[in-house]
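Secondary and tertiary structure notes
The residues making up each chain are set out below.
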Amino acid sequence: MLISRDRRSKSRPAKRRGASMVEAVFTLPIFLWALFAMLDLGIVALRMNALSDAARRAGRSAVIHGSMVPERTGNWGPTVYSGAVADGSAMVSSLEPFIPTMEPENVSVQMTWLDGDNRPGDRVRVMLQYQHKSLVPGLLPWGPFDLEGSTTMTIVN
């Protein structure tokens, strides 16, 4: 009786030959799709946080460049600034290290003085925008994401 049990247990794996391959054919594409989706959404979150941080940094720079700043230092505003991080403007040139994984020429920046002037107590709004495209176009069900980071601050001098 002991011998017959050993024979049956040795013969069973031979009947399931190829089952692992069939399982891998079904599960591997689903696993890879989920992996790429998580990676893509992780990059979206990174870029969104980076845009918000860069907007805050640009806002902090704008509030200390109000109308009371000496001319040699340079005051900013109250005309609306619209451009890209790669434009080379003094207002946004320092933002390039703070926008990882994004091309500076594709990150648009807009600075608006909401109260129409750049005197202490007036407000400035900084808005950065970027369009995120999927890592593997067509693989994921969503299209491009329009990302935006903005801040509104009060001018101090």
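Everything that follows concerns the structure shown earlier in this document.
Here's a quick rundown of the structure. Keep in mind the model is a prediction, meaning the values are calculated, not measured.

1. Some details on the overall build of the chain
Each helix and strand in the chain was counted, giving two helices and four strands. In sequence order, the secondary structure elements of the chain are arranged as α-α-β-β-β-β. When each of the 157 residues of the chain is scored for burial, the buried share is 31%. Look at the contacts in the chain between residues 6 or more apart in sequence, and 64% of them connect residues 24 or more apart.

2. Overview of helix H2 (residues 19-63)
For H2, built from 45 residues, the straight-helix expectation of 66 Å at 1.5 Å per residue is met to within 8% by its first-to-last C-alpha distance of 66 Å. Bending of H2 peaks at approximately 30° at the position of Thr-27, with proline Pro-29 no more than four residues after it.

3. A few points about the pairing of strand E3 (residues 123-132)
Working note: regular strand, side chains alternate between the two faces of the sheet. Alternating positions in E3 separate cleanly, Val-124, Val-126, Leu-128, Tyr-130 and His-132 being buried on one face and Arg-123, Arg-125, Met-127, Gln-129 and Gln-131 remaining unburied on the opposite face. Note: strand E2 (residues 108-113) against E3, six bridges, orientation antiparallel. Each residue of the ladder has a partner; that of Ser-108, found in E3, is Gln-129.

4. Things to note about the sheet that holds E3
With antiparallel pairing, four strands are arranged side by side in an open sheet as E1-E2-E3-E4. In this open sheet, the two edge strands, each paired with only one partner strand, are strand E1 (81-84) and strand E4 (145-154). If you compare each strand with its neighbour and ignore which way they point, the axes differ by 15° on average. The sheet strands contacting H2 are E2, E3 and E4, and the helix crosses E4 at an angle near 25°.

Conventions adopted
Residues numbered from 1 in each chain as written. Predicted model: local features only at pLDDT ≥ 70, side-chain atom pairs only at ≥ 80, totals over all residues. Heavy atoms only, no water. Helix = DSSP H or I, 4+ residues; strand = E, 2+ residues; numbered from the N terminus. Buried < 20%, exposed > 50% of the residue type's maximum accessible area, 1.4 Å probe, protein only. Contact = heavy atoms within 4.5 Å. Expected span 1.5 Å × (residues − 1). Bend = angle between axes of the 7 residues up to and from the residue. Pairing = 2+ DSSP bridges. Axes fitted to C-alpha atoms, helices over the stretch in contact; angles between N-to-C directions.

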